[in-house]
Amino acid sequence: MRAPAALARQTAADVRRALAALRANGLLMEVDRRLPCAVGLVSRSLGGGTWWSHPQAGRMYRLLRRLAVHPRVLRLRLVAGKWTIVDRSLWGAAIVLGLKGGAWQRRGLSAPARALLSRVAREGVVDLGDPSVRRMYPPGRLGPMAQELDRRLLVVSFEIHTASGFHAKRLMAWRRWMADRRLPAPRIRSEAA
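Residues numbered from 1 in each chain as written. Predicted model: local features only at pLDDT ≥ 70, side-chain atom pairs only at ≥ 80, totals over all residues. Heavy atoms only, no water.

Observations regarding the packing of helix α1 (residues 4-25) against helix α3 (residues 57-68)
Stage number 1. For the pair α1 and α3, the least separation of the axes is 9 Å and the interaxial angle reads 60°. As the angle between them shows, α1 and α3 are arranged oblique. Two packed elements cross with a definite hand, and for α1 against α3 that hand is right-handed. Residues Leu7, Gln10, Thr11, Ala12, Asp14, Val15, Arg17, Ala18 and Leu19 of α1 pack against Arg59, Arg62, Leu63, Arg66 and Leu67 of α3.
Stage number 2. Looking at the contact of α1 with α3 residue by residue, the classes come out as 7 nonpolar, 2 polar and 5 charged. (Axes fitted to C-alpha atoms, helices over the stretch in contact; angles between N-to-C directions. Helix = DSSP H or I, 4+ residues; strand = E, 2+ residues; numbered from the N terminus. Parallel < 35°, antiparallel > 145°, perpendicular 65-115°, else oblique. Left-handed = near helix turned anticlockwise from the far one by under 90°. Contact = heavy atoms within 4.5 Å. Nonpolar A, V, L, I, M, F, W, Y, C, P; charged D, E, K, R; others polar.)

Set out below in structure tokens:
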């Protein structure tokens, strides 16, 4: 096992390389076998399995977690429904699409997902690990509902650690996300986005 200081230096170097790739491309997949991706900066080959079984999985995980909270990064299910890291230079286009909530985003949305979206719009933030939220939906339904909203850019979502130590999703309305970051309204038209 590497010393904590050495791991921190390695992670910082990985983050610098990922941010340089992100600035150069505008987008960077978290994981992909064909497109530029963050885990590919750690290891060029994922083999035939998932990155979780890769010998460098811990290093990949640390990189992805640091990128997820970096101030230049917006993490969305964008390209082919996969987690995509979006550089700040392209946030305006993503925000415009998220705020628009166009027909293509709402068409075919399940009734429970629509109800969850209404709650997010009303409250600004909904933590899926919150017992009051979990009681409202059948077991195992919150994840798929959140994914419906994620894939359609209707919410911004984050992974959080609950007080009880579990991982859960936090869904945030676009306007709340913008307010938290003190972002002005984007100056791009939805057609251009």
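Things to note about α1
Stage number 1. The end-to-end C-alpha separation of α1 is 31 Å, in line with the 32 Å expected for 22 residues at 1.5 Å each.
Stage number 2. Looking only at α1, the buried set comprises Ala6, Gln10, Thr11, Asp14, Val15, Ala18, Leu19, Ala21 and Leu22.
Stage number 3. Packing partners of the buried residues in α1 comprise β1 (27-29), α2 (38-42), α3, β2 (73-77) and β3 (83-87).
Stage number 4. Once α1 finishes, Gly26 follows within two positions and takes phi at roughly 85°, a positive value. (Expected span 1.5 Å × (residues − 1). Buried < 20%, exposed > 50% of the residue type's maximum accessible area, 1.4 Å probe, protein only.)

Let's talk about the packing of aromatic side chains
Any two aromatic rings considered together are summarised by their centre-to-centre distance and by the angle between their planes.
Stage number 1. For the structure shown, the criterion picks out 2 aromatic pairs.
Stage number 2. Between Trp174 and Trp177, the ring centres sit 5.7 Å apart and the planes meet at 75°, which makes this aromatic pair edge-to-face. Pair noted here: Trp174 and Trp177 are both in helix α9 (residues 174-180), with a separation of 3 residues, about one helical turn. Like Trp174, the residue Trp177 is buried in the burial classification.
Stage number 3. Just above the ring of Trp83 sits the side chain of Arg75; from NZ or CZ to the centre is 3.8 Å. (Phe/Tyr/Trp six-rings, centres within 6.5 Å; stacked < 30°, edge-to-face > 60°. Lys NZ or Arg CZ within 6 Å of the ring centre and 35° of its normal.)

Read these as layout, nothing more, since geometry by itself doesn't imply function.
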